[in-house]
Amino acid sequence: MQHSARKTKMSAEVDVSGESLSLFIKCLMTVGKLAEDLQFTVSHEGISLRGVHPYQTCHFTIDMIPSAFDRYVMTSDVPVGTYTLRAKPVLTAFKNYTKLVDPVRLNFSQELKVDLKLRYKDGLRSRLSLNVLHSEPVTSPSSDDYAVRLKLYPQVLLKSLQWFSQEGEEVSIEFSAERITIDSYLGDISAEKAQKLVAGHDTIDCVANDTQYSSRDPSVGSVSVIVPVKILCAILGFCHSIQVEVTLGIVGGDMGKPVVICARNSRLRARFVIVTISDHPASAVTSSQETNSSPGSLSPRSAAYNSYD
């Protein structure tokens, strides 16, 4: 994130408990796997969580409406406030969430601080005051120009991907009307896991059978993408935990185009953009090593990913 001296004053108090607290913590834990900084945008329409993966491989936005919380009070006339926090202190505060007594209170103050008021079952009380980083609002790339769109429940696809998440960093996924095929990328999975995956290959077929599949160009039989498997598993795991159907869209039909995953229920709306790997990552890494040696430049790994224009 690029930092600036711009300040936006806002004041709001939010109480969250019960199922809403569980949902809020699931959101925090998920985005904590994807970004080092979390940006809260607070408005009369609710709270938006935004962030960017350190390698720029994933952008996300999770919008929670005011009725998702037990109490949502705006105490200033400023319509929108933006608060960027380090993810680690926020996640640490909720680490022992099972020991919390409802409700948890969040106070977004005009002094650009976020206060968390926590009570525990053993009688302890905790108040954390988190300083806000000065940053520009995060904007997530947007496009509805999908070459392929799928609607599916993520459980079976997630289970299939987990075979690969322990063995490599990327997977190649081919989507078609008949099936979803997952292959390892930049390294083969072990023979034992390959045998198990082949034995359960009808499970992957089951994903396609339960999926609503549509293609912009009917003459294109399938579309393949190469994605970071742990990022995809984190996103699908979140969608599975809140028990929602997801819409998965592939922007454009060529390698290196973004994958967009959207999910929603009565309390939230989530959108994740995964920037896929190019079909020649090795050459991109070599080029990066030769040209990006100055401080603050992209790392060799991040250069293997295409940017989203």
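Residues numbered from 1 in each chain as written. Predicted model: local features only at pLDDT ≥ 70, side-chain atom pairs only at ≥ 80, totals over all residues. Heavy atoms only, no water.

Chemist: So what's going on with the overall build of the protein chain? Residues and values would help.
Modeler: For the protein chain, the count of helices and strands is seven helices and 17 strands. Partitioning the intrachain contacts of the protein chain with sequence separation of at least 6 by distance along the chain shows that 68% fall at a separation of at least 24. A total accessible area of about 15,300 Å² is found for the protein chain, and carbon and sulfur atoms account for 47% of it. (Helix = DSSP H or I, 4+ residues; strand = E, 2+ residues; numbered from the N terminus. Contact = heavy atoms within 4.5 Å. Areas by Shrake-Rupley, 256 points an atom, 1.4 Å probe, with all protein chains shown as cover.)

Chemist: Describe in detail the sheet that holds strand S1 (residues 12-16), supporting the description with residues and values.
Modeler: Consider a sheet: its strands pair through backbone hydrogen bonds, and that pairing is either parallel or antiparallel. An order of S5-S1-S7-S8-S9 is seen for the five strands of this open sheet, with the pairing classed as antiparallel. Where the open sheet ends on each side, the last strands, each with one partner, are strand S5 (71-74) and strand S9 (125-131). With direction set aside, neighbouring strand axes in the sheet form an average angle of 10°. Looking at chain direction, S1 and strand S7 (residues 100-108) are connected through five bridges and run antiparallel. (Pairing = 2+ DSSP bridges. Axes fitted to C-alpha atoms, helices over the stretch in contact; angles between N-to-C directions.)

Chemist: I'd like a rundown of the pattern of salt bridges, residues and numbers included.
Modeler: Applying the stated criterion across every chain yields a total of six salt bridges. Across the pair glutamate 13 and arginine 71 runs a salt bridge whose closest N-O atoms are separated by 3.0 Å. With glutamate 13 in strand S1 and arginine 71 in strand S5, the pair connects residues that are 58 residues apart, well separated along the chain. Overall, glutamate 13 belongs to the partly exposed group, its relative accessible area being 23%. The class of arginine 71 is partly exposed, set by a relative accessible area of 30%. In this structure, aspartate 115 engages arginine 127 in a salt bridge whose closest nitrogen and oxygen atoms are separated by 3.2 Å. In this pair, aspartate 115 sits in strand S8 (residues 113-120) while arginine 127 sits in strand S9, placing the two residues twelve residues apart along the sequence. When its relative accessible area of 8% is taken as the criterion, aspartate 115 is described as buried. (Salt bridge = Lys/Arg side-chain N within 4 Å of Asp/Glu carboxyl O. Buried < 20%, exposed > 50% of the residue type's maximum accessible area, 1.4 Å probe, protein only.)

Chemist: Break down helix H3 (residues 155-165) for me, with residues and values.
Modeler: Within H3 the residues assigned to the buried category are Leu157, Leu158, Ser160, Leu161, Phe164 and Ser165. In an axial view of H3, the angular spread of the buried residues amounts to 165°, which keeps them on one side of the axis. (Arc of directions from axis to C-beta.)

Chemist: Give me the lowdown on the packing of aromatic side chains, citing residues and values where you can.
Modeler: Under the defined criterion, the tally for this structure stands at six aromatic pairs. Centroid distance phenylalanine 24 to phenylalanine 69: 6.2 Å. Interplanar angle 70°. Geometry classified as edge-to-face. One end of the pair, phenylalanine 24, is in helix H1 (residues 18-34); the other, phenylalanine 69, is in the loop between strand S4 (58-64) and S5, and 45 residues separate them in sequence. The class for phenylalanine 24 is buried, based on a relative accessible area of 1%. (Phe/Tyr/Trp six-rings, centres within 6.5 Å; stacked < 30°, edge-to-face > 60°.)

Chemist: Which residues make up the environment of lysine 113, and what values go with them?
Modeler: Tracing the chain through its elements places lysine 113 in strand S8. Note on lysine 113: relative accessible area 34%, which makes it partly exposed. Measuring from C-alpha to C-alpha, the distance between lysine 113 and leucine 128 comes to 10.0 Å, with 15 residues separating the pair along the chain.

Chemist: Describe the pairing of strand S16 (residues 259-264), with residues and values.
Modeler: In terms of strand pairing, strand S15 (residues 246-251) meets S16 through five bridges, oriented antiparallel. Bridge pairing in S16 links isoleucine 250 to valine 259.

Chemist: Outline the sheet that holds strand S12 (residues 180-185), listing residues and values.
Modeler: With respect to topology, three strands assemble into an open sheet ordered S12-S11-S14, the strand pairing being antiparallel. Of all the strands in the sheet, the pair left with one neighbour each is S12 and strand S14 (222-228). With strand direction ignored, the average angle separating the axes of adjacent strands in the sheet is 20°. Relative to S12, H3 is tilted by about 20°, and along the sheet it contacts strand S11 (170-176) and S12. Against the sheet, helix H6 (residues 229-241) contacts S11 and S14, and its axis sits at roughly 100° relative to S14.

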